[in-house]
Amino acid sequence: FNPTRFFERTGVVTERQHALPNIDFITAHMWADQWLPQGSNLDQFARQWINSQVRLANDLEKPLVLEEFGRSPDGSTRVSFYDAVYSTFIAAISDGEPAAGVLFWHLAANDY
């Protein structure tokens, strides 16, 4: 569930890399405001994207760690985005899904 054609040509193929037998868990980064056009519903995207990563973790039978995500500091929409990320992850954990951890990045940076 990658949002743009950019990811078809660059980055990692999570399914292939994390299916390797010596890889114990799945890691991911999510930077929705860098990936999507301005005006996109980032909260909705975050929920869909996290759920797609959780489905992959289920398929591979490995825990998922969202080890880096963030949103530029613009006030209430940032709070809403962080709430969407954490509530989606907590719901997955509560449902017994292999969601193992989530960490924000650059919470206090002036420019991000």
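The structure under discussion appears in the preceding block.
Below is a short write-up of the structure. Worth saying up front: this structure is predicted, and the values here are computed from it rather than measured.

Calculation criteria
- Residues numbered from 1 in each chain as written.
- Predicted model: local features only at pLDDT ≥ 70, side-chain atom pairs only at ≥ 80, totals over all residues.
- Heavy atoms only, no water.
- Phe/Tyr/Trp six-rings, centres within 6.5 Å; stacked < 30°, edge-to-face > 60°.
- Helix = DSSP H or I, 4+ residues; strand = E, 2+ residues; numbered from the N terminus.
- Buried < 20%, exposed > 50% of the residue type's maximum accessible area, 1.4 Å probe, protein only.
- Lys, Arg positive; Asp, Glu negative; His and termini not counted.
- Salt bridge = Lys/Arg side-chain N within 4 Å of Asp/Glu carboxyl O.
- Contact = heavy atoms within 4.5 Å.

**What about the packing of aromatic side chains?**
In the structure shown here, the tally under the stated rule is six aromatic pairs. Judged by centre distance (6.1 Å) and plane angle (85°), the ring pair of Trp-35 and Phe-45 falls under edge-to-face. Within this pair, whereas Trp-35 is found in helix 3 (residues 32-35), its partner Phe-45 is found in helix 4 (residues 42-60), the two being separated by ten residues in sequence. In this structure Phe-45 comes out as buried when scored by relative accessible area, which is 5%. Summarising the aromatic geometry, the rings of Phe-69 and Tyr-82 are spaced 5.0 Å apart at their centres and angled 55° between planes, so their arrangement reads as tilted. You can see Phe-69 sitting in strand 2 (residues 64-69) and its partner Tyr-82 sitting in helix 5 (residues 76-94), a full 13 residues away along the chain. The burial state of Phe-69 is the same as that of Tyr-82; both residues are buried. Clustering of aromatic rings is evident, with ring pairs tying together Phe-69, Phe-81, Tyr-82 and Tyr-86.

**Examining the side chain of Asp-43**
By secondary structure assignment, the location of Asp-43 is in helix 4. At 4.6 Å, Arg-71 is the nearest oppositely charged side chain to Asp-43, a buried residue that forms no salt bridge. Beyond its immediate chain neighbours, meaning those up to four positions away, Asp-43 contacts Thr-77, Ser-80, Phe-81 and Ala-84.

Honestly, that's just the spatial picture; any functional story needs more than this.
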